[in-house]
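# Results of the structural survey
Next come the chains, spelled out residue by residue.
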Amino acid sequence: NIDRQIGRVVEAMERAGLADRTFFVLVTDHAHVPTHEGRTQDVVGWLQQRRGLRVHEGDIGIADAERRAAYLAKLDALVMNGSHRRLAVFLRGPGGWSTPPTAQQVRALVEGPTNPTGGSQRLCNLPGVALAAAPIAPGRVQVFSRRGAGLIERREENGRTTYRLTSLTSGPDGRPADPLDCRRETKLSQFLDAGWHDSREWLAATAGTRYPDFVPQIAQFFDAPRSCDVVVFADEDWSFKGHTRGAHGSCLDRDMIIPMMFAGPGLPRGATIECARLVDVMPTILD
């Protein structure tokens, strides 16, 4: 249907004699993942039952400031469901909602208490959870997955912003943890070992991986003053509670990869842009 409707527009432009001086750009704001019955995870319920947290999900719906503050004082966490494949978790700090949570609070939520056998009730071991991330300082973000924990760092040096990903834990074989599943490919593993790279280098190196462009984007994600304390991303065709037949919002390739096509006078037919971001559309058009 999309192809048919675009064809109608282009044919009308051609009939009007406008096609030879018009640029056509086809792009979407995000991808969309088909989800299925039985592939949902109730993370909020799990936080209540396994972490013992008093959690509210969604809009509080209390306009009066005093009543809202009184209600918030009874809670440990707020959760916002972002398009059913991303959860933003806000934690109450030691001094109340006006103070950030401690690193211990965040780690307790994600990693959980270690039991006597050495295992733990890890959030990222839940079916349907691909990844969790939490900031520990400006430009420093911890990432957690079934493949271990890592640290994403950002630095400014000589007017250039660069990023790196290092491991915080080791696997059973003693090798560094690989939370973003990057070390399967020798070239990408060498890229990680080389250390610091700028945003465009990370985009080019990871565009074809399971977590495309994740490193620079997650560092910027937590720059926002109203960003959450922990963000949780859904796995493959899973969704979080409340989905319909499809969802989006995770950091996986099937959520992130979108079409970006250009056509018009002077543009070479069949040319390819290897990788780009949605924010590249406007400067490309202007150029």
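Let me begin by describing the structure that accompanies this report. (Residues numbered from 1 in each chain as written. Predicted model: local features only at pLDDT ≥ 70, side-chain atom pairs only at ≥ 80, totals over all residues. Heavy atoms only, no water.)

### Points about the overall build of the protein
For the record, the criterion: Strands are runs of DSSP state E lasting at least 2 residues, helices are runs of H or I lasting at least 4, and numbering of each runs from the N terminus. Areas reported as accessible are Shrake-Rupley estimates using a 1.4 Å probe. Residue values count occlusion only from the protein chains shown. In summary, the charge assignment counts Lys and Arg as positive and Asp and Glu as negative, without counting His or the chain termini. Here the site of a charge means atom NZ of a Lys, CZ of an Arg, CG of an Asp or CD of a Glu.
Scanning the protein from terminus to terminus reveals nine helices and 15 strands. Principal-axis analysis of the C-alpha atoms places the extent of the protein at approximately 70 × 50 × 40 Å. Split by element, the accessible area of the protein, about 16,600 Å² in all, is 52% carbon and sulfur. Put simply, the protein has 35 plus and 34 minus side-chain charges, and the middle of one group is 4 Å from the middle of the other.

### A closer look at the packing of aromatic side chains
Using the following cut-off: Here the aromatic set is Phe, Tyr and Trp, taking the six-membered ring for Trp, and pairing holds for ring centres within 6.5 Å; pairs whose planes are under 30 degrees apart are stacked, those over 60 apart are edge-to-face, and all others are tilted. Throughout this description, buried means an accessible area under 20% of the type-specific maximum (1.4 Å probe, protein chains only), exposed means over 50%, and partly exposed covers the range between.
If you walk through the whole model with that rule in mind, you get four aromatic pairs. When the ring of F214 is compared with that of F233, the centres are 6.1 Å apart and the planes differ by 80°; the resulting orientation is edge-to-face. Highlighted residues: F214 in helix 7 (residues 214-221) and F233 in strand 12 (residues 230-234), separated in sequence by 19 residues. Given the relative accessible area of 5%, F233 is considered buried. Clustering of aromatic rings is evident, with ring pairs tying together Y211, F214 and F233.

### Structural notes on the sheet that holds strand 6 (residues 86-91)
The test is simple: Each pair of strands is called paired provided DSSP finds at least two bridges between the two strands.
Across the sheet, nine strands lie side by side as 4-5-6-12-7-8-9-10-11; this open sheet has mixed pairing. The sheet is open, and its two borders are formed by strand 4 (55-57) and strand 11 (197-198), each paired with just one other strand. In this sheet, strand 9 (residues 148-157) lies alongside strand 8 (residues 140-145) in antiparallel orientation, the contact comprising six bridges. Its bridge partner being in strand 9, Q142 is matched across the sheet by L151.

### Topic: the state of the cysteines
What counts is decided by this rule: By disulfide we mean two sulfur atoms from cysteines, separated by a distance within 2.5 Å.
A full pass over the atoms with the stated rule returns zero disulfides. With no disulfide of its own, C182 lies 11 Å from the sulfur of C251, the closest cysteine sulfur. Residue classification places C182 among the buried positions, given a relative accessible area of 4%.

### Structural notes on the environment of D253
As for its position among the elements, D253 is in helix 8 (residues 253-256). By relative accessible area, which is 31% here, D253 ends up partly exposed. With 39 residues separating them along the chain, D253 and F214 place their C-alpha atoms 9.8 Å apart.

### Observations concerning a nonpolar patch on the surface
Applicable threshold: Note that patches include only residues with greater than 30% relative accessible area and no salt bridge, and the join distances are 9 Å for like charges and 5 Å for nonpolar side chains (Val, Leu, Ile, Met, Phe, Trp, Tyr). Only one rule defines a salt bridge in this text: a Lys or Arg side-chain nitrogen within 4 Å of an Asp or Glu carboxyl oxygen.
On the surface, V25, V27, L278, M282, I285 and L286 cluster together to form a nonpolar patch covering roughly 540 Å² of accessible area. For the nonpolar patch, the secondary structure elements donating two or more residues are strand 1 (24-27) and helix 9 (281-286). At three residues, the largest contribution of residues to the nonpolar patch is made by helix 9. In this fold, V25 is placed in strand 1.

### Details of the nonpolar core
Just so we agree on the cut-off: By nonpolar core we mean a set of buried residues, namely Ala, Val, Leu, Ile, Met, Phe, Trp, Tyr and Cys, connected to one another through side-chain atoms within 4.5 Å. Here a residue-residue contact requires only that any non-hydrogen atoms of the pair lie within 4.5 Å.
Within the largest apolar cluster, 26 residues are counted, with the highest numbers of intra-cluster contacts made by L131, I152, L165, L180, Y211, F214 and I218. Residue assignment for this core shows that the elements contributing at least two residues are strand 7 (129-137), strand 8, strand 10 (160-167), helix 5 (186-193), helix 7 and strand 12. Tallying contributions element by element places helix 7 first for this core, with four residues. Once residues lying within four places of it in the same chain are set aside, the contact partners of I218 are A133, V141, I152, V231 and F233. Listed in part, the 25 residues of the second largest apolar core include V43, L109, C124 and A132.

Read these as spatial facts, not as claims about activity.
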